[in-house]
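# Coordinates in review
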Amino acid sequence: MSAAHRDSFQSRRTLRVNDAEFHYFSLPAAADALGELHRLPYSLKILLENLLRHEDGRSVTEEDVEALARWLAERRSDREIAFRPARVLMQDFTGVPGVVDLAAMRDAVRSAGGDPRRINPLSPVDLVIDHSVMVDRFGSADAFAANVRIEMERNRERYQFLRWGQSAFENFRVVPPGTGICHQVNLEYLAQVICADADDGARLAFPDTLVGTDSHTTMINGLGVLGWGVGGIEAEAAMLGQPLSMLIPEVVGFRVKGSLREGATATDLVLTITQMLRAHGVVGKFVEFFGPGIRELALPDRATIANMAPEYGATCGIFPIDEETLRYLRFSGRDPERIALVEAYAKAQGLWFGASDADPLFTDILELDVSTVEPSLAGPRRPQDRVALSGAAAAFTQHLAETLGYDALEREGDMLGEGGGVAGAKEPTTLDRRVAVKGTEHDLGHGDVVIAAITSCTNTSNPAVMLAAGLLARNALARGLQVAPWVKTSLAPGSQVVSDYLEAAGLQKDLDALGFNLVGYGCTTCIGNSGPLPEPIAEAIEQADLVACAVLSGNRNFEGRISPHVRANYLASPPLVVAYAIAGSLKVDLYRDPLGEDREGKPVHLKDIWPSNAEVQRAVREHLRPEMYQARYAEVWRGPEAWRDMETKGGLTYDWDEDSTYVRNPPYFLDLEPEPAPVSDIKGARVLAVLGDSVTTDHISPAGAIKADSPAGRYLIEHGVEPKDFNSYGSRRGNHEVMMRGTFANIRLRNEMAPGTSGGITRYMPDGDQTSIYEAAMRYAAENIPLVVIAGKEYGTGSSRDWAAKGTRLLGVRAVIAESYERIHRSNLVGMGVLPLQFAADDSRHSLGIQGSEVIDVQGLGERLQPRMPLTVRITRADGEQTRIECVCRIDTLDELDYFRHGGILHFVLRGLLAAP
């Protein structure tokens, strides 16, 4: 038995499946020593098996295992454990900087006289290129081919680099562009549910677990696989064999009963669940679905619900293994021997969901009768802000009134003043302002839908809602309806299988006829890759300062994310996306108002074209076939011809191109010393930004389009790149020079130090000069002045963007002081050597009157520093007055403390490799 398998609880057993024998670490056997375990939540059973399998007396001890087993007593724990995922999943936006860091580490090892081949992923890594396609062309038969061609041209340097990584690193695979989104490829092909690896001459079976560099990695929870999103920094550590430190989580049970009523979709269900769980509060917790209703949920419905775990704030949202899991594995073409192992292992371990089993015990329980779910949207800014479709038009009008500066929405007759203005308005205007669109015969107004996108990734994994969209399109065409002329329409499926069943059903031609042509297989509109609006539309919006809208079937609708010209974004099911494209406005009440008129001039309502649940299920049964999965995934590693013919450069180390504006050697490991310098107090720090509540990683991390007059735009122009070739921030994540210039540069970011501005603006102190955050940071750096950021509640909510932490560190920020943090970003800050501090319960930037002109000192960062200890922060105001407060050090674990002392997790790993014999 290897040193990693101490087996103190004598739980190693054998399992025979058909003619094969597997070793495994048995939970029922461990219960002999640990006490009854059968009512542990499903997710904690997976964590317990992980500890039993990796018990080594060092990173995993007997006490860790016992602490997890004792969870049932209080259903919560303060114990830190080390979790080792079986594999890592990456997408290219977050994956490229990870591979850049690995390449830089190889350079560092070679510079130190070592063998660069020591730098390889130790856990299997799959990188799916899915985040780079943009909707440049739309509404035409050649849109897909044109967008792929543009994608390959734009991203050639990045793709060449990834092709090099694929050949240079062991244990590293790349799914080429144009294949699908990472979550759906994972669901349909990569995930095995139960793994089987060689171990000391035996075959060892264990649960498939993973972490991913996209927060929606949780989609795989629908298949019974435990996984969640982490920052690229944590993912790199996992690749290099480092355990992920975590507190044993609280687990919230979500009991499901009943089934969807006529007209409701899985999207409506997940928006309802998101609203419920976000209101309950599940940040940092696991959510586990149970109850009789989950038998009514097809696997794609479960995946839709699991995908949205980041939106309801949970680490994961997991379903157990049952007959539906096996059905999906068979249908999607998994190996029959693996499917047999999944069933046998799950039943042997108590991971099987059976009708007569007692419910697990949970920290808290919520319940939903699915039959009460009604058609819904979520918006205009947050995924948890669900609005019933029946009240969506009124809710938007209320939002519009508030956006335009009215105190409250009153009766229209009371609002309209003389001459059509609005009583009490800041300027003469109306809620129904419209402006002519140059070169067209139509106008544009507040509330008009300018983007309608059936986009990856929440819903395009779900055949029911995708076929529903096609059926609604067919019915709309039959009644003579068309999409409003100002709407940019797009269809970006999560995998090529979607195209196969839409074609088989004859529905793609109906979607095409409404402008929902295929634009690419990848994450498009949901991450801001919606592409430019037609110029006349953009001009009209800017000219009249219109509140234009987007309706998309994605999972994120944060302000400024979808398009710089769209101020109200709504999440909806694919059929509702089509319906709103036809209606053309959020002001249209789809419950009561007609979508348009038929050829005879009669009104057509949504109920007239909405497909029944029976029609949708019949289409799924008749047109979705197993051979579609088998045929598509037989070629999953091949990619388009342009990918296959791409040349690479470099051997064991990468041949960096000093002229590249996409991929550059980062400065993290320059002059790396064998031992880290002692951690010292932060003295004389200036405030770089004072930010409010719910500042997302989209606000912090560079994302979306690069403006020519921004620091990043000026850098690119200085390096010979024309604005038309800027591409997006996401595509340039491998260039730290671009990314640090774009950190805190989101157009919707509001820095309270610079009132009346938005975007990356601050004041350089003590002079008070207004300038960009980047330029101020560089001036402070030239004077060796450390920086801090002050923030409100839920700092860093949103996607797992490692550049939100990397850019913060490269700007010279030593600490962030916030009222609370979202899980991933707090961890990423520590992983980059940035100190996260949390205000005490009664303190905030408001209560302390922080203006941004203060000087900040943080004391107590020496050898006695411990996780979550109180630290003294001294605030010296411009007039010399001083205030001392205590903040909580949000370095939460001892492993995180090691990373922080080394200046970051990668430095810790690299020093360990250099010191190893």
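Preceding block: the structure.
What you are looking at is a predicted structure, and each value in this text was computed from that prediction instead of being measured. (Residues numbered from 1 in each chain as written. Predicted model: local features only at pLDDT ≥ 70, side-chain atom pairs only at ≥ 80, totals over all residues. Heavy atoms only, no water.)

### Describing the overall build of the protein
Definition in use: Only DSSP runs of H or I covering at least 4 residues are called helices, and only runs of E covering at least 2 are called strands; the numbering of each starts at the N terminus. Summary of the burial criterion: residues with accessible area below 20% of their type's maximum are buried, those above 50% are exposed, and those between are partly exposed, where the area comes from a 1.4 Å probe applied to protein chains only. Should any heavy atoms of two residues lie within 4.5 Å, those residues are counted as being in contact.
Counting secondary structure elements, the protein contains 33 helices and 34 strands. Its C-alpha atoms give the protein principal-axis dimensions of about 80 × 75 × 55 Å. The burial tally for the protein puts 63% of its 917 residues in the buried class. Of all intrachain contacts in the protein linking residues separated by at least 6 positions in sequence, the fraction that spans at least 24 positions is 75%.

### Side note on the packing of aromatic side chains
Heads up, the rule is: Ring pairs are drawn from Phe, Tyr and Trp, using the six-membered ring of Trp, whenever the two centres fall within 6.5 Å, and their geometry is named by plane angle: stacked under 30 degrees, edge-to-face over 60, tilted for the rest. Cation placement over rings: the criterion is NZ of Lys or CZ of Arg within 6 Å of the ring centroid and within 35° of the ring normal.
Summed over the entire model, instances satisfying the criterion amount to 22 aromatic pairs. A ring pair is formed by Y668 and F669, whose centres lie 6.2 Å apart and whose planes are at 80 degrees; its orientation type is edge-to-face. A residue is classified by how much of its surface remains accessible, and Y668, at 11% relative accessible area, is buried. Accessibility expressed as a relative area gives 8% for F669, which makes it buried. A ring pair is formed by Y899 and F908, whose centres lie 5.3 Å apart and whose planes are at 65 degrees; its orientation type is edge-to-face. Taking relative accessible area as the criterion, Y899 reaches 7% and is therefore assigned buried. Owing to a relative accessible area of 23%, F908 belongs among the partly exposed residues under this scheme. Grouped by ring-pair contacts, the aromatic residues F161, W164, F169, F172, Y654 and W656 constitute a single cluster. One cation-aromatic arrangement involves R732 over Y662; the distance from NZ or CZ to the ring centre is 3.9 Å.

### Thoughts on the environment of A818
Take A818: it is sitting in strand β30 (residues 813-818). It is 49 Å that separates the C-alpha atoms of A818 and I609, two residues lying 209 residues apart in sequence. With near-sequence residues (within four places) excluded, A818 lies in contact with A791, G792, Y795, L837, Q838 and F839.

### Focus: unusual backbone geometry
For the peptide bond that leads from G379 to P380, omega is 15 degrees, which places it in the cis range. Tracing the backbone through its elements, the reader meets P380 in the loop between β16 (376-378) and β17 (386-388). The omega angle of the peptide bond from M765 to P766 is 10 degrees, so this bond is cis rather than trans. Note that P766 resides in the loop between β27 (761-764) and β28 (769-772). Within the chain, Q10 stands out as a residue other than glycine whose phi angle is a positive 50 degrees. Tracing the chain through its elements places Q10 in the segment before β1 (12-17). The phi angle at N784 is positive, at roughly 60 degrees, despite the residue not being glycine. In this structure, N784 sits in the loop between α29 (773-782) and β29 (787-790). You can call N784 exposed: its relative accessible area is 70%.

### Observations regarding the sheet that holds strand β5 (residues 125-128)
As a reminder of what qualifies: By the convention used here, strands pair only if DSSP detects at least 2 bridges between them. Axes, fitted as lines to C-alpha atoms, cover a helix only where it is in contact. Angles between the N-to-C directions of the axes lie from 0 to 180 degrees.
Ordered by their spatial adjacency, 5 strands build an open sheet running β6-β5-β4-β9-β10, and the pairing between neighbours is parallel. With one partner strand each, in any of the chains shown, β6 (172-175) and β10 (226-229) form the two edges of the open sheet. Taken pair by pair, the neighbouring strands of this sheet meet at an average axis angle of 20 degrees, ignoring direction. In this fold helix α8 (residues 182-190) packs onto β4 (87-91), β5, β6 and β9 (209-212), with an angle of close to 140 degrees to the strand it touches most, β4. Sitting on the sheet, helix α9 (residues 232-239) is in contact with β4, β5 and β9, with an inclination near 140 degrees to β4.

### Concerning the pattern of salt bridges
Opposite charge on two side chains permits pairing when their charged atoms draw close. Counted only if it meets this: For this document, the term salt bridge refers to a Lys or Arg side-chain nitrogen within 4 Å of an Asp or Glu carboxyl oxygen.
Tallied over the entire structure, the rule returns 54 salt bridges. A salt bridge links D322 to R302; the nearest nitrogen and oxygen atoms lie 2.8 Å apart. With a gap of 20 residues between them, D322 in the loop between β14 (316-318) and α13 (323-331) and R302 in helix α11 (residues 299-307) connect regions that are remote in the sequence. Taken as a pair, D322 and R302 share a single burial class, namely buried. In this structure, D510 engages R474 in a salt bridge whose closest nitrogen and oxygen atoms are separated by 3.0 Å. Residue D510 is found in helix α19 (residues 508-513), and its partner R474 is found in helix α17 (residues 463-478); the two are separated by 36 residues along the sequence. By relative accessible area, which is 8% here, D510 ends up buried.

### As for the packing of helix α30 (residues 802-810) against helix α31 (residues 823-831)
So the rule is basically this: For a crossing to be left-handed, the near helix must be turned anticlockwise from the far one by less than a right angle; the clockwise case is right-handed. When residue character is reported, Ala, Val, Leu, Ile, Met, Phe, Trp, Tyr, Cys and Pro are called nonpolar, Asp, Glu, Lys and Arg charged, and the others, Gly included, polar.
Running from N to C, α30 and α31 cross one another at 40 degrees; their axes reach a closest spacing of 8 Å. Every pair of crossing elements has a handedness; the one defined by α30 and α31 is right-handed. On the side of α30, the interface is formed by D802, A804, A805 and T808, while α31 contributes H825, N828 and L829. Partitioned by chemical class, the residues of the contact of α30 with α31 number 3 nonpolar, 3 polar and 1 charged.

### A few points about the nonpolar core
What counts here: Here, the term nonpolar core denotes a set of buried Ala, Val, Leu, Ile, Met, Phe, Trp, Tyr and Cys residues that are joined through side-chain atoms within 4.5 Å.
Of all hydrophobic cores here, the largest spans 300 residues; its most connected members are L223, F289, Y312, F516, L590, Y795 and L835. When residues of this core are assigned to their parent elements, the largest contribution, 10 residues, is made by α17. Formed by 5 residues, the second largest nonpolar core is a distinct cluster that contains F93, I181, C523 and I527.

### Re the sheet that holds strand β15 (residues 364-369)
Sheet architecture is open: 4 strands sit in the order β14-β13-β12-β15, paired in parallel fashion. Two strands bound the open sheet, and with one partner strand each, they are β14 and β15. Looking at each pair of strands side by side, their axes are set apart by 20 degrees on average, direction ignored. Judged from the 3 bridges that link them, strand β13 (residues 286-290) and β14 form a sheet pairing that is parallel.

### Re the environment of R567
To keep things clear, this is the line we draw: Distance and chemistry together define a polar contact, namely a pair of N or O atoms within 3.5 Å, with one atom able to donate a hydrogen and the other to accept it when in protein, and with adjacent residues in sequence counting only for side-chain atoms on both sides.
The topology assignment puts R567 in the loop between β22 (549-552) and β23 (568-571). The class for R567 is partly exposed, based on a relative accessible area of 22%. Sequence spacing of R567 and D268 is 299 residues, and the spatial spacing of their C-alpha atoms is 23 Å. Excluding its chain neighbours within four sequence positions, the residues that come into contact with R567 are H399, T403, D545, L546, V547, A548 and R748. In terms of polar contacts, R567 uses its side chain to reach the side chain of D545, at 3.1 Å.

### Points about α13
One full turn of an α-helix is made of 3.6 residues, so residues set three or four places apart face in the same direction. Those residues of α13 lying buried are E324, T325, L326, Y328 and L329. Buried residues belonging to α13 abut α8, α11, α14 (336-349) and α24 (626-633). The N-capping residue of α13, defined by a side-chain oxygen 3.1 Å from the backbone nitrogen of E324, is D322. Trailing α13 by a residue or two, G333 shows a phi angle of about 85 degrees, which is positive.

### Details of the pairing of β27
When a strand is regular, its side chains alternate between the sheet's two faces. With burial as the criterion, only one face of β27 is covered, namely that bearing T762 and Y764; the residues I761 and R763 on the opposite face remain uncovered. Adjacent in sequence and paired antiparallel, β27 and β28 are bridged by 4 residues, among which G768 carries a positive phi angle near 85 degrees.

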